[in-house]
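Breakdown of the fold
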Amino acid sequence: MTSATKVYYSQTTQTDSRPLIGSGLRRRRVMTKDGRSNVRMEHIADKRFLYLKDLWTTFIDMQWRYKLVLFSATFAGTWFAFGVIWYLVAVVHGDLLEFDPPANHTPCVMQVHTLTGAFLFSLESQTTIGYGFRYISEECPLAIVLLITQLVLTTIMEIFITGTFLAKIARPKKRAETIKFSQNAVVAQHNGKTCLMIRVANMRKSLLIGCQVTGKLLQTHLTKEGESVRLNQVNVDFQVDTSSDSPFLILPLTFYHVVDDASPFRDMALRTGEGDFELVVILSGTVESTSATCQVRTSYLPEEILWGYEFTPAISLSASGKYVADFSLFDQVVKVTTPCCLHETVRFGDPEKVKLEESLREAAEREREGAPLSVRISNV
């Protein structure tokens, strides 16, 4: 009797047995190439209440066309709402002409005899235009309280809306659009090790401070208890050469992940471009001009990881002595020789040392086999 298999879902779910990450680029990608989430949230209890509870974030995340419509409707709505209230005050106090007020009658608001006049007085008061034709008198304390209430409430509203506009404009999201990732990742030899490489560039002259590049490998993972964890996240470390410090992203840089026994790619068929995984790469940094934290994301599917290729050099020196980053070469790759497996490395260094190592290795093998010892020593 077979036991039931537990399945845990992370970030997204599906109703059929097809893999969450498969051959279809658009249907199966969890993170789009430009860093947007491809996850749809469903069956969230009281979703509208949660959005209204956090109005600040809701207003900032709102699209510009809806934000402008809401901005205009809010101002026009408050003008009209308080205009109706001012009209009711005039009705209660008997200020309208159809009530035939006596000659010595002092209205609450001068020259407000219709709903249109009340609306114009509300607009002029809230925007502090103050033409001088319509104004409140000392006859009605209620009108004074109403004017104070309108100005206080609408000022708070204007501060909130203006703040969300400024916060939306100042978001580092647009700054993130000037950070470019290579369309493909490549696997080749670097310093004698098999490395997975990506290229990153900053397309503005202003720098990003404290840059850090990290990766997340998303794949289905089967635990020892038989639990299938879909979209399990495994850390993938990237570095520039052998340094793990913050890179100086003034020119396009290539980030490396060494594919060794500790790498999550050690058992994957990167050579064939097949598999059920997605590599999400995240760059985090601080914008120099605004000190805001910026995060840029992209992802690579198995068919976007090229085995046996390396990036074409994109940096050159001009005749005037300036370094030039040619972005027409940014995504170009060239075919290179690669080892037959991930664990094979390339011997490099001084040729004489390599010959000496090979001679000593041959001598050790002959000694174990009982053959005559013959060692060739070269000058090192």
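A brief look at the structure comes next. (Residues numbered from 1 in each chain as written. Predicted model: local features only at pLDDT ≥ 70, side-chain atom pairs only at ≥ 80, totals over all residues. Heavy atoms only, no water.)

**Some words on the packing of helix α4 (residues 64-93) against helix α5 (residues 115-126)**
Remark: α4 packs on α5, axes separated minimally by 7 Å, with the N-to-C direction vectors making an angle of 125°. With respect to α5, the axis of α4 lies oblique. The handedness of the crossing between α4 and α5 is right-handed. In this structure, α4 contributes Phe75, Thr78, Trp79, Phe80, Phe82, Gly83, Val84, Trp86 and Tyr87 to the contact, and α5 contributes Leu115, Ala118, Phe119, Phe121, Ser122, Leu123 and Gln126. Partitioning the contact of α4 with α5 into residue classes produces twelve nonpolar, four polar and no charged. (Axes fitted to C-alpha atoms, helices over the stretch in contact; angles between N-to-C directions. Helix = DSSP H or I, 4+ residues; strand = E, 2+ residues; numbered from the N terminus. Parallel < 35°, antiparallel > 145°, perpendicular 65-115°, else oblique. Left-handed = near helix turned anticlockwise from the far one by under 90°. Contact = heavy atoms within 4.5 Å. Nonpolar A, V, L, I, M, F, W, Y, C, P; charged D, E, K, R; others polar.)

**Some remarks on the nonpolar core**
In terms of nonpolar packing, the biggest core is built from 31 residues, with Leu196, Ile198, Phe238, Phe265 and Leu270 touching the most fellow members. When contributions to this core are tallied by element, the ones reaching two or more residues are β2 (179-181), β3 (185-190), β4 (193-202), β5 (208-222), β7 (253-258), β8 (277-287), β9 (293-300) and β10 (305-307). At five residues, β8 tops the list of elements feeding residues into this core. Core analysis: the second largest hydrophobic core is formed by twelve residues, Phe82, Val89, Cys108 and Phe121 among them. (Core = buried A, V, L, I, M, F, W, Y, C linked by side-chain atoms within 4.5 Å. Buried < 20%, exposed > 50% of the residue type's maximum accessible area, 1.4 Å probe, protein only.)

**Thoughts on helix α6 (residues 141-169)**
For α6, with 29 residues, the first-to-last C-alpha span of 42 Å sits near the 42 Å given by 1.5 Å per residue. Elements that come into contact with the buried residues of α6 comprise α3 (55-61), α4 and α5. (Expected span 1.5 Å × (residues − 1).)

**Some remarks on the side chain of asparagine 202**
Topologically, asparagine 202 is positioned in strand β4. Of note is the side chain of asparagine 202, whose polar atom sits 3.1 Å from the side chain of arginine 175. For asparagine 202, the side chain forms a polar contact with the main-chain nitrogen of arginine 204, separated by 3.2 Å. When residues no more than four places from it in sequence are discounted, the contact partners of asparagine 202 are Arg175, Thr178, Ile179, Leu207, Leu208 and Leu249. (Polar contact = N/O pair within 3.5 Å; in protein donor to acceptor, adjacent residues only side chain to side chain.)

**Quick notes on the state of the cysteines**
In this structure the tally under the stated criterion is one disulfide. Here cysteine 108 engages in a disulfide with cysteine 140; their sulfurs sit 1.7 Å apart. Highlighted residues: cysteine 108 in the loop between α4 and α5 and cysteine 140 in the loop between α5 and α6, separated in sequence by 32 residues. Cysteine 140 gets classed as buried once you look at its relative accessible area, which sits at 7%. Cysteine 294 provides the cysteine sulfur closest to cysteine 211, a residue in no disulfide bond, and the two sulfurs are 8.7 Å apart. (Disulfide = S-S within 2.5 Å.)

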